[in-house]
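What the coordinates show
Residue-level listing of the chains:
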Amino acid sequence: MKKLRLTFVMVAALLLVVPVFAQKKFDKTLAKADKSFNSGDYAKAIKTLNKFKLSVTKKLGASNPYMPGYYTRQAKFDLAYGTLKNFNTNLDQAIATSIAIFGENTAKHANTLIDVAEVYNQYGYYRKSRELLDVAAPIVNSEDPADPILKTKFVLELAEVMIGQGFCNDALALLRANETFMAARAVDKETAVVDGKIKTTRVPEEEWKPRYSSYARLLSLITLAYGKKGDIDSVDIAHKSSRPWISKNQKMIGETSLVLVQADYWYTLMYAENNDGLVPPRLAKNEKYADFSDQLTELKKRTSPSVPLGHDLYLAELGQLQLADNRARYANLKAEYDRMLGKYFTKSSLLNINLKAVEFDSKLSKDRTRNLERDATNVLSSDALPENYKTRVRILEFLYEMSIQTQRYSNAESYLNQIITIKKELHGDNSPEFHLSQIALANFFLDYTNKIEEAGKIYVNSYEKNLIKEIHLKHKDHLKLLFHIATYYELTDKFAQASKALEMASDAARSKYSDVDPVYAIALNQMTKLRLKIGDYDRANDDINRALKIFDYKDNRNDKWKSDYINAIETQAKLYGIKGMFDEAQSNLDQTRKMIRKSKVPIGNELSTAEELSSLFIQLGSYSQTDVLLNKLLTEYEKLYGSQSIRLIDPLTNKGRLALARGDYPEAERIAQRANQLAVKTYGEISTKVAPTQRLLSDIYYSLGSYGAE
């Protein structure tokens, strides 16, 4: 403590001997650097900051009160410029210098910690930011009286950290608890009781912008928190409530402030993420500001498009155009973005890599996968791309989707594990964001591997113990997750839990989509397939009838939904087969064949048809056709998934039934034994999933007269 007091005394003495004009000169240079930064001219900002360091260290030495702010700015400026070689080093130096100069338990050091946490938030390194804010918290909370500026900064950065990690409920609680406090400060006049009398004083003009901006940011973060957890209805309410206030007070916030554009961007992004990436047409029609292109135009009126929000808007609009397959506008906007990058950034800047990530998505959407993996891997190895960064995650997600598309499943699993490692580092291993990445791996296990038990452990730990209390029913991943959980419970013979998951899925689909939306019909078809597996035939019948009714609406009769419509008709045919309504089942199949012949676009997949309808074809007596399909299916599945895959059990069982129907008992027994061994190895002796293979063996032995055989 004596050493800290001595340091303080020395710093104070140093400032006293520094002429006032020198301090003003330093402050003026910093203000000039900040102005260049805020305008998006990062090269100039960095140049000015470097000049500042030379002059201040020459005058005050290497350890002086300006240095924590210098190192923090250097990291923030480098991040915006896309040159991150010394990013972490500068932030570590800012903290170390702050401790040495101000002391660990001082308000000034807490301020440094919050400033550094802000830069980490901008990077997306929420775990480190949260650790720093946890250190700052007792200092901020011990201030008596509380410093309103320090408290405001702390609350806003902590809320943003929580949202970034996925702890949206905690963020909302924090923001709501401080809403009245910040709203009361967003005024140009304050009233207080002085000597028993009410006195109104005018707030200094230089305080207007920070006060009003802070409250506007709080309102925007509330909207963001609702969106991140998937509560899209509350997003709508929150933004429509807060936007008029922000717009009305734009003058007080500052005409060049981007807080309103940021709020509109977050609002629009939340809707796009909950609509398979596309901004719903009705949203932009009803809310004119809910358009990335218009938001970019508005941003350009206020500042340079080189600022971080400008990049977000360029990339968001490019994503919209590629999803809409609007190639002309995509090419024009990309060319404009390229010119802007060339004007403000170096070729090695991280910003150029961010654009490449979007281009990969564009090429994949057009099925041009040749050399894409090599190109993406080369980008991942770039010195400009940090090991733990959101763009690396985006490229890995692209590589995962490409691997699924090209059926290279071992590669896909590797990419998912790399994403999990990065999410753990950036968000923390207890965060909802980390658990969502774990869920993606569990879904992959269920869809493409035999790792059923591993998937189950993830569902229990990540969903049931963590995510279920953090994400809303309308969260963009929730419906898909519930389908997978229902499938997991069906595979493990936990039919009551499977039924419960399906009920939640039904609620999610009903709340997420309108009752005439084809996407809702697709969800109903998916639920029907799962209900057939758990034996809930009455509910399956209700679901598939509703799905078919939606597909049959006039507005939904187009090629976009035809493949899904055909699949739903085939699902109903399977239900008819289970009920013994073979004429109706055959009629459905005849209808789908006719639809496929008349379609102007390719529809259906022979292998998926064989997988889903082989049992029905056998029931209907289509032996030769089914045999050909099953042979192709088994050959392809063994190549894709290996000879021990659970995906072989059903086609092997059906092939065994065909051999039995032909009277080829040795072949039927050989196939049935293989199917049974796979089923027992995967599910155990007493699982219902083993029953069809055992039933087949029993029928074979009965036909052979071997009544005692097992």
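These notes cover the structure that comes with them. (Residues numbered from 1 in each chain as written. Predicted model: local features only at pLDDT ≥ 70, side-chain atom pairs only at ≥ 80, totals over all residues. Heavy atoms only, no water.)

1. Observations regarding the overall build of the protein
Summing up its helical and strand segments, the protein has 34 helices and 2 strands in all. Projected onto its principal axes, the C-alpha positions of the protein cover 110 × 55 × 50 Å. Residues counted as buried form 51% of the 710 residues belonging to the protein. When contacts within the protein are restricted to residue pairs at least 6 apart in sequence, those whose partners lie at least 24 apart make up 64%. By element, 51% of the accessible surface of the protein is carried by carbon and sulfur atoms, the whole surface being about 34,300 Å². Distance between charge centroids for the protein: 7 Å, based on 101 positive and 89 negative side chains. (Helix = DSSP H or I, 4+ residues; strand = E, 2+ residues; numbered from the N terminus. Buried < 20%, exposed > 50% of the residue type's maximum accessible area, 1.4 Å probe, protein only. Contact = heavy atoms within 4.5 Å. Areas by Shrake-Rupley, 256 points an atom, 1.4 Å probe, with all protein chains shown as cover. Lys, Arg positive; Asp, Glu negative; His and termini not counted. Charge placed at Lys NZ, Arg CZ, Asp CG, Glu CD.)

2. Points about the nonpolar core
F87, I395, L399, F444 and Y459 are the most contacted members of the largest nonpolar core, which has 218 residues in total. Contact partners of Y459, with chain neighbours within four places excluded, come to I439, A442, N443, L446, E464, L481, H484, I485 and Y488. Residues A659, L660, A668 and L697 belong to the second largest nonpolar core, which totals 8 residues. (Core = buried A, V, L, I, M, F, W, Y, C linked by side-chain atoms within 4.5 Å.)

3. Section: the packing of aromatic side chains
Overall, the coordinates contain 28 aromatic pairs when judged by the stated rule. Between the aromatic rings of Y81 and F345, the centroid separation amounts to 6.0 Å while the plane-to-plane angle is 35 degrees, which identifies the pairing as tilted. Separated by 264 residues along the polypeptide, Y81 in helix α4 (residues 67-81) and F345 in the loop between α17 (327-344) and α18 (350-365) bring together distant segments of the chain. The burial state of Y81 is the same as that of F345; both residues are buried. Relative to Y641, the ring of Y409 has its centre 5.2 Å away and its plane inclined at 10 degrees; by these criteria the two rings are stacked. A residue pair is termed long-range when its members are at least 10 positions apart, and Y409 in helix α21 (residues 409-427) and Y641 in helix α31 (residues 623-641) qualify at 232 residues. Exposure class is identical for Y409 and Y641. Each is buried. Following the ring pairs from residue to residue traces out a cluster consisting of Y400, Y409, F444, F445, Y448, Y637 and Y641. (Phe/Tyr/Trp six-rings, centres within 6.5 Å; stacked < 30°, edge-to-face > 60°.)

4. Observations regarding unusual backbone geometry
Following D144, the chain continues to P145 via a peptide bond in cis, the omega torsion being 0 degrees. Along the chain, the position of P145 falls in the loop between α7 (126-142) and α8 (148-165). A positive phi angle, close to 60 degrees, is found at Q407, a residue other than glycine. Assessed through its relative accessible area of 36%, Q407 is described here as partly exposed.

5. Some details on the environment of Y576
Mapped onto the elements, Y576 comes out in helix α28 (residues 559-579). For the pair Y576 and N286, spaced 290 residues apart in sequence, the C-alpha separation works out to 44 Å. Beyond its immediate chain neighbours, meaning those up to four positions away, Y576 contacts M581, E584, A585 and N588.

6. Describing a positive patch on the surface
On the surface, K28, K32, K35, K44, K47 and K51 cluster together into a positively charged patch. Going through the elements one at a time, α2 (20-38) and α3 (42-60) are the ones with two or more residues in the positive patch. For K44, the position within the fold is in helix α3. (Patch = residues over 30% accessible without salt bridge, like charges linked within 9 Å, V, L, I, M, F, W, Y side chains within 5 Å. Salt bridge = Lys/Arg side-chain N within 4 Å of Asp/Glu carboxyl O.)

7. Side note on the pairing of strand β1 (residues 189-194)
Moving residue by residue along a regular strand, the side chains alternate between the two faces of the sheet. Relative to strand β2 (residues 197-202), β1 is paired through 6 bridges, and the arrangement is antiparallel. Considered in β2, the bridge of T191 is made with T200. Adjacent in sequence and paired antiparallel, β1 and β2 are bridged by 2 residues, among which D195 carries a positive phi angle near 55 degrees. (Pairing = 2+ DSSP bridges.)

8. Examining the packing of α21 against helix α22 (residues 432-448)
The contact between α21 and α22 brings their axes to 8 Å, and the two run at 165 degrees. One element, α21, and the other, α22, form an angle in the roughly antiparallel class. Here α21 and α22 pass one another in a crossing that is left-handed. Contacts from Y409, A412, E413, L416, N417, I419, I420, K423, K424 and H427 in α21 reach E433, F434, S437, Q438, A440, L441, F444, F445 and Y448 in α22. For the contact of α21 with α22, the per-class residue count stands at 11 nonpolar, 4 polar and 4 charged. (Axes fitted to C-alpha atoms, helices over the stretch in contact; angles between N-to-C directions. Parallel < 35°, antiparallel > 145°, perpendicular 65-115°, else oblique. Left-handed = near helix turned anticlockwise from the far one by under 90°. Nonpolar A, V, L, I, M, F, W, Y, C, P; charged D, E, K, R; others polar.)

9. Quick look at the side chain of N654
You can see N654 is positioned in helix α32 (residues 649-662). Residue N654 is classed as buried on the basis of its relative accessible area of 10%. In this structure N654 touches S614, S615, I618 and L630, once residues within four positions along its chain are discounted.

10. A few points about α3
In an α-helix there are 3.6 residues to a turn, and that puts residues three or four apart on one side. Over its 19 residues, α3 runs 26 Å from end to end, which matches the ideal 27 Å to within 8%, given 1.5 Å per residue. The complete set of buried residues in α3 reads Y42, A45, I46, T48, L49, F52, V56 and L60. Taken down its axis, α3 places every buried residue within 160 degrees of arc, on the same side. Counted as exposed and oriented over 90 degrees from the buried face of α3: K47, K51, L54 and K58. Between the side-chain oxygen at the start of α3 and the backbone nitrogen of K44 there is a gap of 3.4 Å, and the oxygen is on D41. Taken from the residues just after α3, G61 is the one with a positive phi, measuring 95 degrees. (Expected span 1.5 Å × (residues − 1). Arc of directions from axis to C-beta. Polar contact = N/O pair within 3.5 Å; in protein donor to acceptor, adjacent residues only side chain to side chain.)

Purely geometric stuff here, so don't read any function into it on its own.
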